[in-house]
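Overview (structure and organization)
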Amino acid sequence: MPAARVEYIAPWWVVWLHSVPHLGLRLQRVNSTFNPHDENYQESLLFLGLVAAVCLGLNLAFLTAYLVSVCCCRQDGAAQTKLRKSCCVTWSAVVAGLVCCAAVGIGFYGNSETNDGVYQLIYALGNANHTFSGIDALVSGTTQKMTVDLEQHLARLSEIFATRGDYLQILKFLQQMARNIIVQLSGVPVWTGVTAELTELADQTGYVEYYRWLSYLLLFILDLVICLVACLGLARRSRCLLASMLCCGLLALLLSWASMAADAAAAVGASDFCAAPDTFLLNMTEGQLSAEVTRYYLHCGQSGSSPFQQALSVFQRSLTAMQIQVAGLLQFAVPIFPTAENELLRIQLLLNSSESSLQQLTAMLDCRGLHKDYLDALAGICYDGIEGLLFLGLFSLLAALAFSTMTCSGLRAWKRFTTRDRDYDDIDDDDPFNPQARRIAAHNPPRGQLHSFCSYSSGLGSQTSLQPPAQTISNAPVSEYMNQAVLFGGNPRYENTPLIGRGSPPPTYTPSMRATYLSLADDHLRHYGSEFPA
């Protein structure tokens, strides 16, 4: 039965991408027909990469302008304004992180779709290669049987039937039929060159696809790591993590636009091929196959007849005639020449194996198998492959947007961190409640020597006129006080400062500590009051 025509219909994204204007480097219009060996066509695909490079330049210029504006703008001192800006920076970073995660998810899907499409193409090429190799093997094997094996058997039979002219005529007829079979098989195309090209194409495609898939996987991991570093840097207010995020974010931005350029060029080039694949294959096989054979496999329609039908019919008729003659010799010549039976049986076995080869060859030369492989290859590259490239392009755009926003938020957060540290530097170093002084004091070992309370007492007269010697306090309450002071992160220089004169002690001080302070203050007042009378 003739094969039912299975139509290939290009998807809408192929039509849309094929309609993209193809421009050369000199901005001249280029024919959009797929022709990878044409320099002008190669320039049109390179032009798409240059467009992505221009977008990258504009993106970097915007980030540079934003950096200048952040460095040059004046900070508003209002607390509410600072709070709003801090919330804006935080939420911008959060939104950028969510967009980045969504982009990575889209990228994973696109990478998987592209990988599935490419490997479907490779699988279809492998099936077609198997068919072509089988055709060549059957043709060469049958030719070998007819030219070498059959001639050897006929030569021995000629010696046996030397006295019978009628039997010799039958042997000559068998030789003529064998020559007809060889002539018909010579009309079958030799697929050796096509097989070598398809094998090389499949190997190169698999090699490139493996490293493409692996590169995108590493890019996805890098993007997620950068998002994690950004969240940690903003949460811990670490300028080291923030600087790492900014550097890696710029690298990811460059890689995103580079992947966008590669995806755009690959998608447009594949769409140009998928818009008219028959035309490209007809031009590519023009010097190796006849146009009739190529159209037979590409179209495989009900009305189209096989170009091998006549050759296969002659092959079948010749084999049938040879089998009839051999069967007659076995019936009438063997009783007269018993020694000929062995050679005739071998010829009969050879003809039976040749008939089996004819059936396999007929099935392999049928267009349905190769046409199915052709449609599978087109479905892999034109449907799954290009669809995956579109999703990868969307990933690149979203990733570039996310990292641009994240970089802007990082620059603003860096400016806020720097301003906060500068405000801490403006606080008096002698202030015991200075957070920066407490952080520095945490790394300094506690002093074992306590200063006298008199230098800090304002109720004993002029401090410049009183210079009492420093004395060491070794009683237990003071040691307890010292331990508590160090525990609360205070500086040892302020631990002997009586807080009673400043008002109430901090709420974290217990009543026993307050009583200790009061008793120590009364002892010092009595001591210095008796030594220095008013």
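Structure report, in brief. These numbers were taken from a predicted model, which means no experiment stands behind them.

1. Remarks on the overall build of the protein chain
- Helix and strand content of the protein chain: 14 helices and zero strands.
- The linear arrangement of helices and strands in the protein chain, starting from the amino end, is α-α-α-α-α-α-α-α-α-α-α-α-α-α.
- Going through the 534 residues of the protein chain one by one, you find that 39% of them count as buried.
- Put simply, 80% of the contacts in the protein chain that link residues at least 6 apart link residues at least 24 apart.

2. What to know about the pattern of salt bridges
- Applying the stated rule across the entire model yields five salt bridges.
- Glu 343 is the salt-bridge partner of Arg 156, the closest N and O atoms lying 3.5 Å from each other. Here Arg 156, found in helix 3 (residues 79-160), pairs with Glu 343, found in helix 10 (residues 341-365); they are 187 residues apart in sequence, far enough to count as distant.
- A salt bridge links Asp 166 to Arg 164; its shortest N-O distance comes to 3.0 Å.
- The exposure class assigned to Asp 166 is partly exposed, which follows from its relative accessible area of 38%.

3. Considerations on a nonpolar patch on the surface
- On the surface, a cluster of nonpolar side chains totalling about 650 Å² of accessible area is made up of Tyr 119, Tyr 207, Val 208, Tyr 210, Tyr 211 and Trp 213.
- No other element matches the five residues that helix 5 (residues 192-236) contributes to the nonpolar patch.
- Position of Tyr 207 among the secondary structure elements: in helix 5.

4. Structural notes on the packing of helix 9 (residues 309-332) against helix 10
- Viewed as axis vectors pointing N to C, helix 9 and helix 10 meet at an angle of 160 degrees, and their least axial separation amounts to 10 Å. With respect to their mutual orientation, helix 9 and helix 10 come out roughly antiparallel. Between helix 9 and helix 10 the crossing geometry is left-handed.
- Considering only residue class, the contact of helix 9 with helix 10 consists of 14 nonpolar, six polar and two charged.

5. Notes on the packing of aromatic side chains
- For the coordinates displayed, the defined rule picks out 19 aromatic pairs.
- Three or more aromatic residues link up through ring pairs in this structure, and these residues are Phe 132, Trp 191, Tyr 296, Tyr 297 and Phe 308.
- The ring of Tyr 167 carries the charged tip of Arg 164 above its face, separated from the ring centre by 4.5 Å.

6. Re the state of the cysteines
- The final tally for this structure, using the stated rule, is two disulfides.
- Between the sulfur atoms of Cys 274 and its disulfide partner Cys 382 the distance amounts to 1.8 Å. An S-S torsion of about -90 degrees defines the bridge between Cys 274 and Cys 382 as left-handed. Taken as a pair, Cys 274 in helix 6 (residues 239-275) and Cys 382 in helix 11 (residues 367-426) lie far apart in primary sequence, 108 residues in all.
- With a relative accessible area of 0%, Cys 274 lands in the buried category.
- One disulfide in the model links Cys 300 with Cys 367; its S-S distance is 2.0 Å. Taking the sign of the S-S torsion, about 60 degrees here, the bridge from Cys 300 to Cys 367 comes out right-handed. Taken together, the residues Cys 300 in the loop between helix 8 (291-299) and helix 9 and Cys 367 in helix 11 connect sequence positions 67 residues apart.
- If one numbers only the bonded cysteines of the protein chain, in the order they occur, the disulfide pattern is 1-4, 2-3.

7. Side note on the environment of Val 326
- Among the structural elements, Val 326 can be located in helix 9.
- Owing to a relative accessible area of 1%, Val 326 belongs among the buried residues under this scheme.
- Considering only alpha carbons, one finds Val 326 and Ile 170, 156 residues apart in sequence, at a separation of 8.7 Å.
- With near-sequence residues (within four places) excluded, Val 326 lies in contact with Leu 174, Leu 344, Ile 347, Gln 348 and Leu 351.

8. Looking at the packing of helix 7 (residues 277-284) against helix 8
- The N-to-C vectors of helix 7 and helix 8 enclose an angle of 150 degrees; their axes lie 10 Å apart at closest approach. By the angle between their axes, helix 7 is roughly antiparallel relative to helix 8. You can see that helix 7 and helix 8 cross each other, and the crossing is right-handed. When helix 7 is examined against helix 8, the residues Asp 278, Leu 281 and Leu 282 are found in contact with a partner set consisting of Ala 291, Thr 294, Arg 295, Leu 298 and His 299.
- Split by residue class, the contact of helix 7 with helix 8 holds four nonpolar, two polar and two charged.

9. Digging into the side chain of Thr 294
- With respect to the helices and strands, the residue Thr 294 is situated in helix 8.
- Excluding anything up to four places from it in sequence, Thr 294 contacts Leu 281, Leu 282, Thr 285 and Leu 289.

10. Observations regarding unusual backbone geometry
- Look at Leu 27: it is not a glycine, yet its phi comes out positive at around 65 degrees.
- Along the chain, Leu 27 turns up in the loop between helix 1 (12-18) and helix 2 (39-72).

11. A closer look at helix 4 (residues 165-186)
- Under the 1.5 Å per step criterion, the end-to-end length of helix 4 is 32 Å for 22 residues, consistent within 8% with the ideal 32 Å.
- Here helix 4 has its buried residues at Tyr 167, Ile 170, Leu 171, Leu 174, Gln 175, Met 177, Ala 178, Ile 181 and Leu 185. All buried residues of helix 4 project into a common sector of 160 degrees when viewed along the axis, lining one side. Exposed residues on helix 4 whose side chains face more than 90 degrees from its buried face are Lys 172, Val 183 and Ser 186.

12. Structural notes on the environment of Asp 366
- Tracing the chain through its elements places Asp 366 in the loop between helix 10 and helix 11.
- Asp 366 gets classed as partly exposed once you look at its relative accessible area, which sits at 22%.
- Taking C-alpha positions, Asp 366 is 9.3 Å from Tyr 296, a pair spaced 70 residues apart along the chain.
- Excluding anything up to four places from it in sequence, Asp 366 contacts Tyr 296 and Tyr 297.
- In this structure the side chain of Asp 366 is engaged in a polar contact, spanning 2.7 Å, whose partner is the side chain of Arg 368.

Conventions used here
Residues numbered from 1 in each chain as written. Predicted model: local features only at pLDDT ≥ 70, side-chain atom pairs only at ≥ 80, totals over all residues. Heavy atoms only, no water. Helix = DSSP H or I, 4+ residues; strand = E, 2+ residues; numbered from the N terminus. Buried < 20%, exposed > 50% of the residue type's maximum accessible area, 1.4 Å probe, protein only. Contact = heavy atoms within 4.5 Å. Salt bridge = Lys/Arg side-chain N within 4 Å of Asp/Glu carboxyl O. Patch = residues over 30% accessible without salt bridge, like charges linked within 9 Å, V, L, I, M, F, W, Y side chains within 5 Å. Areas by Shrake-Rupley, 256 points an atom, 1.4 Å probe, with all protein chains shown as cover. Axes fitted to C-alpha atoms, helices over the stretch in contact; angles between N-to-C directions. Parallel < 35°, antiparallel > 145°, perpendicular 65-115°, else oblique. Left-handed = near helix turned anticlockwise from the far one by under 90°. Nonpolar A, V, L, I, M, F, W, Y, C, P; charged D, E, K, R; others polar. Phe/Tyr/Trp six-rings, centres within 6.5 Å; stacked < 30°, edge-to-face > 60°. Lys NZ or Arg CZ within 6 Å of the ring centre and 35° of its normal. Disulfide = S-S within 2.5 Å. Expected span 1.5 Å × (residues − 1). Arc of directions from axis to C-beta. Polar contact = N/O pair within 3.5 Å; in protein donor to acceptor, adjacent residues only side chain to side chain.

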